[in-house]
Amino acid sequence: TGYGWAQWTNARLDFFLDYCKTNNFEPDSDQAQLGYFLLELSGGVQGVNLKKMLNAYKAGGMHSAPSLPVGPHNLDTIEGSTGYFMGYYERPKSDSSLPQRIQYAKIALAALNKAGVPVRSSAQTQGK
């Protein structure tokens, strides 16, 4: 029921549409959706504190996502990182889609590996 890459809903959708209007972007354009996604990740959107999520992720270890009843998530695994990102960024109403999201994360990681894109875990970034 959400809109766009991140399936924005409610206030987040309103913020996205305001961003598009302010910047004269078509909401369905990749430029608008990527730009807003990056803005959210930088912490530059009212009501969204994704900077905190990224800082916790960079620190590695075990962390709980605020919107999901499951956790803490081991950020050194693709399963834990997917659950944490889902709970902190995507914020679904339940964690029932977690197995499918983990499957898609594994597919994306395999594609990145096949393309030769360097991918590092939080443990690697912390010298663990």
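That block above? That's the structure.
Residues numbered from 1 in each chain as written. Predicted model: local features only at pLDDT ≥ 70, side-chain atom pairs only at ≥ 80, totals over all residues. Heavy atoms only, no water.

J.: Could you clarify how one ought to interpret the overall build of the protein in this entry?
T.: Helix and strand counts for the protein come out as six helices and two strands. For the protein, the succession of helices and strands along the chain, N to C, is α-α-α-β-β-α-α-α. Put simply, the protein has 128 residues, and 30% of those count as buried. For the protein, the exposed surface amounts to about 8000 Å²; the carbon and sulfur share of it is 55%. (Helix = DSSP H or I, 4+ residues; strand = E, 2+ residues; numbered from the N terminus. Buried < 20%, exposed > 50% of the residue type's maximum accessible area, 1.4 Å probe, protein only. Areas by Shrake-Rupley, 256 points an atom, 1.4 Å probe, with all protein chains shown as cover.)

J.: Looking at this model, I keep getting lost on the environment of T82. Mind explaining?
T.: For T82, the location among the structural elements is in helix α4 (residues 78–90). The exposure class of T82 is buried, given its relative accessible area of 12%. Spatially, the C-alpha atom of T82 lies 9.4 Å from that of P99, the residues being 17 residues apart in sequence.

J.: Would you mind showing me how to read the environment of L75 here?
T.: Position of L75 relative to the elements: it lies in the loop between β2 (73–74) and α4. Assessed through its relative accessible area of 1%, L75 is described here as buried. Distance in space between the C-alpha atoms of L75 and A56 is 9.4 Å, their sequence separation being 19 residues.

J.: Please explain helix α2 (residues 30–41) as it appears in this structure.
T.: Owing to its 3.6 residues per turn, the α-helix brings residues three or four apart onto one side. Its twelve residues place the ends of α2 16 Å apart at the C-alpha level, agreeing with the 16 Å of an ideal helix rising 1.5 Å per residue. Buried-residue contacts for α2 involve α1 (10–23), α3 (50–59) and α4. Positive phi appears at G43, one or two residues downstream of α2, with a value of about 85 degrees. (Expected span 1.5 Å × (residues − 1). Contact = heavy atoms within 4.5 Å.)

J.: Explain the side chain of Q33 here, please?
T.: Along the chain, Q33 turns up in helix α2. Leaving out residues up to four positions away in the same chain, Q33 has contacts with Y3, G4, W5, W8, F16, P27 and D28.

J.: Just to check I follow, could you spell out the packing of α1 against α2 for this structure?
T.: The angle between the axes and the distance between the axes are what describe a pair of packed helices. As a packed pair, α1 and α2 sit with axes 10 Å apart at the nearest point and diverge in direction by 120 degrees. When the axes of α1 and α2 are compared, the pair comes out oblique. Of the two elements, α1 crosses α2, and the hand of that crossing is right-handed. Where α1 approaches α2, its residues R12, F15, F16, Y19 and C20 are matched on the opposing element by A32, Q33, G35, Y36, L39 and E40. In the contact of α1 with α2, the residues fall into seven nonpolar, two polar and two charged. (Axes fitted to C-alpha atoms, helices over the stretch in contact; angles between N-to-C directions. Parallel < 35°, antiparallel > 145°, perpendicular 65-115°, else oblique. Left-handed = near helix turned anticlockwise from the far one by under 90°. Nonpolar A, V, L, I, M, F, W, Y, C, P; charged D, E, K, R; others polar.)

J.: Which parts of the structure should I look at to understand the packing of α3 against α4?
T.: Taken N-terminus to C-terminus, the directions of α3 and α4 make an angle of 165 degrees; their axes are 10 Å apart at the nearest point. With respect to α4, the element α3 is oriented roughly antiparallel. The way α3 lies across α4 gives a crossing that is right-handed. In this structure, α3 uses L50, K52, M53, A56 and Y57 to contact α4, whose residues at the interface are S81, Y84, F85, Y88 and Y89.

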